Amino acid sequence: MARMIADVPALRMTSELARVMERAAALERGGRRVAHLERGEPDFDTPPHIVAALAQAARAGQTHYPDARGSRELREALAEKLTRENGIPCTPGEVVVTVGGTHALYLALQALLGPGDELLALSPYWMALPKMVALTRDGRLREVPVYLDVQSGALGPEGFYERLRDAVGPATRGFYLNTPNNPTGVVMSRAHLESLARVCAERDLWVVSDEAYEHLVFDRARHVSFASLPGMAERTVSVFTFSKSYAMTG
């Protein structure tokens, strides 16, 4: 029988998360109560006014092709939000709306990783990242463990700088940063981010900054967008999503 899919190793990678979610659903169908810690799903529903606005837009005929980057009005609103809330001055032309945060990460990695290029992933990281890197044109991922040491207080800003600097190799193109972090919950301090910025400036590297959990911060923690640091906007792809802040995962 003819082979039905491309001979790409990434397509044979299994989803541990999907298996766990399937098992949890089976337990729930059997009457068991399950506390879901396996997925980034808020414990509240999409706010009613958002649901009403979506329905109203559909009834008004907004169901046709928009600008491929997203409607002008939405990109204007997002640019204003990024400037005001995240300290990232930008224009609507610098904003692209994608089909969720995962799609944005996939597109960013496709654009930034060429054959033999290496992404340094600050770890622990979200489990889908290796698969997205594996789908690039022979890009590679290498992890740099940092979040647990930051969380315990064992890795201050200067030690963080040294660990990142020492991890950079000849093939390194950039870093994957996720703060607030999934799965550890670490919110990187401005001082730690400034250490990462030093390494990027010294070694001419870029950063994919995954800020999906930007609003889920507690205990007086403050989220700082990496692109808001001096000189970093031009070397950063910042990824945001409605999924977590507004429970729009579906």
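Residues numbered from 1 in each chain as written. Predicted model: local features only at pLDDT ≥ 70, side-chain atom pairs only at ≥ 80, totals over all residues. Heavy atoms only, no water.

K.L.:
Pulling in residues and values, what's your account of the overall build of the protein chain?
P.N.:
In terms of regular secondary structure, the protein chain is built from nine helices and five strands. Counting helices and strands in the order they occur from the N terminus, the protein chain gives α-α-α-α-β-α-β-α-α-β-α-β-β-α. Radius of gyration (C-alpha) of the protein chain: 20 Å, near the 18 Å computed for a compact globule of 250 residues. Based on the C-alpha atoms only, the size of the protein chain along its principal axes is roughly 55 × 50 × 45 Å. In the protein chain, of all internal contacts separated by at least 6 residues, the share reaching a separation of at least 24 is 67%. Surface accessibility of the protein chain: about 14700 Å² in total, with carbon and sulfur atoms responsible for 55%. The average position of the 28 basic charges and that of the 30 acidic charges among the side chains of the protein chain differ by 4 Å. (Helix = DSSP H or I, 4+ residues; strand = E, 2+ residues; numbered from the N terminus. Rg over C-alpha atoms; globule rule 2.2 N^0.38 Å. Contact = heavy atoms within 4.5 Å. Areas by Shrake-Rupley, 256 points an atom, 1.4 Å probe, with all protein chains shown as cover. Lys, Arg positive; Asp, Glu negative; His and termini not counted. Charge placed at Lys NZ, Arg CZ, Asp CG, Glu CD.)

K.L.:
Give me the environment of Gly87: which residues, what numbers.
P.N.:
Mapped onto the secondary structure, Gly87 falls in the loop between helix 3 (72-85) and helix 4 (101-112). Expressed as a C-alpha distance, the spacing of Gly87 and Gln56, which sit 31 residues apart in the sequence, is 32 Å. Contact partners of Gly87, with chain neighbours within four places excluded, come to Leu82 and Ser228.

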